[in-house]
Amino acid sequence: MPDLVPVRRALLSLSDKSGLDTLAAGLARAGVELVSTGGTAKALRDLGHEVRDVAKLTGFPEMMDGRVKTLHPMVHGGLLAVRDNPDHVAAMEAHGIGAIDLVVVNLYPFEATVAKGADRATIIENIDIGGPSMVRSAAKNHAFVAIVTDPADYPELLAELNKGGTSLALRRTLASKAFARTAAYDSMIASWFAFADQGQAYPASRFIVGTKAMDLRYGENPHQKAALYLPMGPATPGVAQAIQVQGKELSYNNLNDANAAIELLAEFRDGPPTVVIVKHANPCGVATGTTLVEAWASALECDSVSAFGGIVAVNRLLDGATAEAICAIFTEVVVAPDADDDAKAAFARKKNLRLLLTGSLPDPARGGQTVAVIAGGLLIQDRDNGRVTRDQLKLVTRRAPTEREMADCLFAWTVTKHVKSNAIVYAKDGVTAGIGAGQMNRRDSARIAAIKAREAAELYGWSEPRTVGSAVASDAFFPFADGLLTAAEAGATAVIQPGGSIRDDEVIAAADAAGLAMVFTGMRHFRH
């Protein structure tokens, strides 16, 4: 397998013509013969270069609205021939097939065509056939042919041509990228047929394709490597697309926790100033307020111990006063749609703190699916975008919630959806009073949340914990009355839960005996 291969003939077929002027000039300086197809050939001529039409090479005109132009032995023979195989060389000579040493192709814009809402016929016409065929032929024969599918590789290609030809190392790298490109392209087409065209939410074959955005500092632990990949196609606003203004490199945990924060925060994107504090993918404080700095103080008071080294997310422009308050404790990451100059200046004094600006927040009601990796397979499910309105709640106790209790019930329920099961959330006046997460039974979650509320009252010198007069939410039904009674002992006066237990009557009776108001949602929010 040769190392340096001179480039005497190149075939160019480009939908994206960015950088074509620089590429063509470099190829001309290297004395490379240019062969091209319709639109690209015209663009090259407009730039003042001599071009040989593919039709002249094949002896056949482009036909069928351009569907057939490069699918010909004169093209693929020139790409696939093994140059040091005597039989291949003899076949080339017998049929007058000239070698093609370089292919520069980018494919029909299928993805962009779908994204702009084109009709089905237009989408089908933007499925490239000849392009991927040339890409695969050239990539397979990378021992002798260089294949370029990304304009970002033009500078390195031209630098090597200035040295007399392409190196094997570059051709191998380009071939790898080329096969990745055609694989991703075909997966997008297959996905469009399955999801959009055929309406199959769970087709027989599933493709998950992404491009690497960055290597991460490490994975969940320093001995694990990690990277961030972005999906092909339109992206949902989120931390993966955020601009990092400052701070250390991101780790897997940073992004995972920041995502948990922004997913919860999105539930309040159209609401009052809201702050979410997350630790290990669980919220440890959520609060609304008249200002962000007020919301920050209330969220921090819920569990200031857990907030140390946490992730903070806010639902609007981050101001200097709030940034200064956040800087009073150690914080790993701050996520916001944007930040003013005063906020950026405050964070600049904390050189390790990462500030991520997302521009906007995701739609909490959006569709889509989530993926989890298990040994030997993938678990794929619909996103949990379930939401309940006040009108959907079912009153099951003798006493109905007051207006304030109902508002607190809905607030607590919204937060509970983003807490790991078993989840219990106490809330009062738009502020979490205590959060119990990830326990093996619901009673313990209720106890832990109440303990945190009592500790906060002691720390801040309150006369009573915020759980007194609060609403409590449970992500799934109370299987026994003990969890509900624990909440009542903590001072909760209203309860929101899915219902559906075989002991619902027992739990309702316990609520009535304790004077609690309770509503059922009919929907649970397990989060594992």
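Remember, it's a predicted structure, so these values are computed and weren't measured experimentally. (Residues numbered from 1 in each chain as written. Predicted model: local features only at pLDDT ≥ 70, side-chain atom pairs only at ≥ 80, totals over all residues. Heavy atoms only, no water.)

### Concerning the environment of T493
One can find T493 in the loop between α18 (481-489) and β20 (494-497). For T493 and C327, which are 166 residues apart along the polypeptide, the C-alpha to C-alpha distance reads 36 Å. (Helix = DSSP H or I, 4+ residues; strand = E, 2+ residues; numbered from the N terminus.)

### Quick word on the packing of aromatic side chains
Throughout the structure, instances matching the rule amount to six aromatic pairs. Summarising the aromatic geometry, the rings of F110 and Y185 are spaced 6.4 Å apart at their centres and angled 70° between planes, so their arrangement reads as edge-to-face. Of this pair, F110 sits in helix α6 (residues 110-115) while Y185 sits in helix α10 (residues 168-197); the two residues are 75 residues apart in sequence, bridging distant segments of the chain. Judged on exposure class, the residue F110 and its partner Y185 are both buried. Following the ring pairs from residue to residue traces out a cluster consisting of F110, Y185, W192 and F193. (Phe/Tyr/Trp six-rings, centres within 6.5 Å; stacked < 30°, edge-to-face > 60°. Buried < 20%, exposed > 50% of the residue type's maximum accessible area, 1.4 Å probe, protein only.)

### Quick notes on the packing of α18 against helix α19 (residues 504-513)
Viewed as axis vectors pointing N to C, α18 and α19 meet at an angle of 20°, and their least axial separation amounts to 9 Å. With respect to their mutual orientation, α18 and α19 come out roughly parallel. Read as a crossing pair, α18 and α19 show a hand that is right-handed. Between α18 and α19, the residues in contact are A481, L484 and L485 and E506, V507, A510 and A511, respectively. (Axes fitted to C-alpha atoms, helices over the stretch in contact; angles between N-to-C directions. Parallel < 35°, antiparallel > 145°, perpendicular 65-115°, else oblique. Left-handed = near helix turned anticlockwise from the far one by under 90°. Contact = heavy atoms within 4.5 Å.)

### Brief notes about the sheet that holds strand β5 (residues 146-148)
The strand order across the open sheet built from five strands is β3-β2-β1-β4-β5, with neighbouring strands paired in parallel fashion. The outermost strands of the open sheet, each flanked by one partner alone, are β3 (52-53) and β5. Sheet topology note: the strand β1 (residues 9-14)/strand β2 (residues 33-36) ladder contains four bridges and is parallel. Within β2, the residue paired with R9 across the bridge is E33. The strands touched by helix α9 (residues 154-161) within the sheet are β1, β4 (102-106) and β5, with β4 carrying the most contacts at an inclination of about 170°. (Pairing = 2+ DSSP bridges.)

### A look at the nonpolar core
If you look at the biggest cluster of nonpolar residues, it comprises 42 residues, and the most contacted ones within it are V276, V286, I311, V335, V415 and I496. Elements supplying a minimum of two residues to this core: α11 (252-266), β9 (274-279), β11 (310-314), β12 (331-336), α16 (403-416), β17 (424-428), β19 (471-474) and β20. Not counting residues within four places of it along the chain, the set of residues in contact with V276 comprises A261, L264, L265, G285, V286, I311, V312 and A313. If you look at the next biggest cluster of nonpolar residues, it comprises 27 residues, including V35, L107, V135 and M188. (Core = buried A, V, L, I, M, F, W, Y, C linked by side-chain atoms within 4.5 Å.)

### Considerations on helix α2 (residues 38-46)
Along α2, the residues classified as buried are T40, A41, A43 and L44. Viewed end-on, α2 has its buried residues packed into an arc of 160°, placing them on one side of the element. Turned more than 90 degrees off the buried face of α2, the exposed positions are K42 and D46. Along its buried surface, α2 packs onto β1, α1 (20-29), β2 and β3. Positioned one or two residues after α2, G48 has a phi angle of 90°, which is positive. (Arc of directions from axis to C-beta.)

### A short note on unusual backbone geometry
Glycine aside, negative phi is the norm for most residues, and most peptide bonds take the trans geometry. In this chain, S421 is followed by N422 through a cis amide linkage whose omega measures -10°. Relative to the helices and strands, N422 is located in the loop between α16 and β17. Positive phi, close to 50°, is recorded for H280, a residue that is not glycine. Positive phi is not limited to glycine here, since D429 has a value of about 55°. Assignment of secondary structure puts D429 in the loop between β17 and β18 (431-436).

### Remarks on the pattern of salt bridges
Inspection of every chain in the model, using the stated rule, returns 26 salt bridges. A salt bridge links R52 to E33; the nearest nitrogen and oxygen atoms lie 3.6 Å apart. Placement of R52 in strand β3 and of E33 in strand β2 is noted, with a sequence separation of 19 residues between them. E332 is the partner of R354 in a salt bridge, and the nearest nitrogen-oxygen pair spans 2.5 Å. With R354 in strand β13 (residues 354-357) and E332 in strand β12, this pair connects stretches of sequence that are 22 residues apart. Judged by relative accessible area, R354 falls into the buried class, the value being 1%. Salt bridges here are not isolated pairs; linked through shared partners, they connect R9, E33 and R52. (Salt bridge = Lys/Arg side-chain N within 4 Å of Asp/Glu carboxyl O.)

### Some words on the packing of helix α4 (residues 73-80) against helix α8 (residues 130-140)
Axis angle and axis distance: for two packed helices, these are the angle between their axes and the distance between the axes, and together they describe the pair. α8 packs onto α4 with a crossing angle of 25° between their chain directions and a minimal axis gap of 8 Å. Judged by the angle between their axes, α4 and α8 are roughly parallel. Together, V75, H76, L79 and L80 of α4 and S133, M134, S137, A138 and K140 of α8 make up the contact between the two elements. When grouped by side-chain class, the residues that make up the contact of α4 with α8 number five nonpolar, three polar and one charged. (Nonpolar A, V, L, I, M, F, W, Y, C, P; charged D, E, K, R; others polar.)

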